[in-house]
Amino acid sequence: MADYRMLAEVDDYAQAQFLVDGLSDAGFPVEHTRIIGTDLETVEDVRGRKTVATSAGQGALSGLWLGLFIGLMFFILAPGLGLLGAFGWPILFGAIFGAVWGALAHWATRGRRDFSSIRSLRSQRYEVQVRAEFLGQANQVVAEHGLRPRSDTTVY
């Protein structure tokens, strides 16, 4: 396993990306770098209440897309059907099937999760690391090209 050493520790991913991008622009072999997020936390942003009706609506939209795809296949493989024949019925049946499926799926949870949310994983800090044999060269590139991200807690 390769020996990596810390080049910098920054507050957010954009600063780490700025540093690695600057190294790349300066011709440094960035395949010897990595960005590591530390102090991980899971964040779940609750977007709203979820009901049988909203689940049916979301299912209908998913079914509509499936119907559109099936309609496209019909249109390509059976061009004599025309636009309405190729797309109309598959889209209609896809939306109906999706709505029923979405409503049944929500009903089956029996209220255990009556909200929609988006989960994400965040880091409090990011380390830009470089393989040990390239650390001196990376520090030189950082110094020569002024690649210091703006942060009070940046470590070089």
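Further up the page is the structure itself.
Quick caveat, the model's predicted, so the values are computed rather than measured. (Residues numbered from 1 in each chain as written. Predicted model: local features only at pLDDT ≥ 70, side-chain atom pairs only at ≥ 80, totals over all residues. Heavy atoms only, no water.)

Enquirer: Sorry if this is basic, but what is going on with the pattern of salt bridges here?
Expert: Throughout the structure, instances matching the rule amount to 7 salt bridges. Across the salt bridge formed by Arg122 and Glu41, the nearest N and O atoms sit 3.4 Å from each other. Of the two residues, Arg122 is situated in strand E3 (residues 115-131) and Glu41 in strand E2 (residues 33-49); the sequence distance between them amounts to 81 residues. Residue classification places Arg122 among the partly exposed positions, given a relative accessible area of 44%. In this structure Glu41 comes out as partly exposed when scored by relative accessible area, which is 29%. One salt bridge in this structure joins Arg131 and Glu133, with 2.9 Å as the shortest N-O distance. Arg131 sits in the partly exposed class, given a relative accessible area of 25%. Residues participating in the shared-partner salt-bridge network are Glu9, Asp11 and Arg125. (Salt bridge = Lys/Arg side-chain N within 4 Å of Asp/Glu carboxyl O. Helix = DSSP H or I, 4+ residues; strand = E, 2+ residues; numbered from the N terminus. Buried < 20%, exposed > 50% of the residue type's maximum accessible area, 1.4 Å probe, protein only.)

Enquirer: Would you take a moment to explain the packing of helix H2 (residues 52-77) against helix H3 (residues 82-108) for this structure?
Expert: Helices that pack against each other are described as a pair by the angle of their axes relative to one another and the distance between those axes. At their nearest, the axes of H2 and H3 sit 5 Å apart, and the two run at 150° to each other. The angle between H2 and H3 places the two elements in the roughly antiparallel class. In terms of crossing hand, the pair formed by H2 and H3 is right-handed. Residues belonging to the contact of H2 with H3 are distributed by class as follows: 17 nonpolar, 10 polar and no charged. (Axes fitted to C-alpha atoms, helices over the stretch in contact; angles between N-to-C directions. Parallel < 35°, antiparallel > 145°, perpendicular 65-115°, else oblique. Left-handed = near helix turned anticlockwise from the far one by under 90°. Nonpolar A, V, L, I, M, F, W, Y, C, P; charged D, E, K, R; others polar.)

Enquirer: What exactly am I supposed to notice about the packing of aromatic side chains here?
Expert: The geometry of an aromatic ring pair is captured by the separation of the ring centres together with the interplanar angle, meaning the angle of the planes. Applying the stated criterion across every chain, the model contains 5 aromatic pairs. Geometrically, the ring pair formed by Trp89 and Phe93 is stacked, given 5.8 Å between the ring centres and 25° between the ring planes. One end of the pair is Trp89 and the other is Phe93, both in helix H3 and 4 residues apart, which spans about a single turn. Taken individually, Trp89 and Phe93 each receive the classification exposed, so the pair is uniform in this respect. Their ring planes at 20° and their centres at 6.1 Å tell us that Phe97 and Trp101 sit as a pair that is stacked. Within this pair, Phe97 and its partner Trp101 are both found in helix H3, separated by 4 residues, close to a single helical turn. For Phe97, a relative accessible area of 53% translates into the label exposed. The lysine or arginine in question, Arg34, covers the ring of Tyr4, its NZ or CZ lying 3.9 Å from the ring centre. Above the face of the Trp107 ring, Arg110 is positioned so that its terminal group lies 5.6 Å from the ring centre. (Phe/Tyr/Trp six-rings, centres within 6.5 Å; stacked < 30°, edge-to-face > 60°. Lys NZ or Arg CZ within 6 Å of the ring centre and 35° of its normal.)

Enquirer: How should I be thinking about the environment of Val20 in this particular structure?
Expert: With respect to the helices and strands, the residue Val20 is situated in helix H1 (residues 13-25). Overall, the relative accessible area of 16% leaves Val20 in the buried class. Measuring from C-alpha to C-alpha, the distance between Val20 and Trp65 comes to 39 Å, with 45 residues separating the pair along the chain. Beyond its immediate sequence surroundings of up to four residues, Val20 is in contact with Val30, Thr33, Ile35 and Val128. (Contact = heavy atoms within 4.5 Å.)

Enquirer: What is the right way to read H1 from this model?
Expert: In an α-helix, one turn spans 3.6 residues; hence positions three or four apart end up facing the same way. With 13 residues, H1 extends 18 Å between its outermost C-alpha atoms, agreeing within 8% with the 18 Å of an ideal straight helix rising 1.5 Å per residue. Among the residues making up H1, those that are buried are Gln15, Ala16, Leu19, Val20, Gly22 and Leu23. One side of H1 holds all its buried residues, which, seen down the axis, span an arc of 155°. Opposite its buried face, H1 presents the exposed residues Ala14 and Asp25, each directed more than 90 degrees away. The N-terminus of H1 is capped by Asp12, whose side-chain oxygen sits 3.3 Å from the backbone nitrogen of Ala14. (Expected span 1.5 Å × (residues − 1). Arc of directions from axis to C-beta. Polar contact = N/O pair within 3.5 Å; in protein donor to acceptor, adjacent residues only side chain to side chain.)

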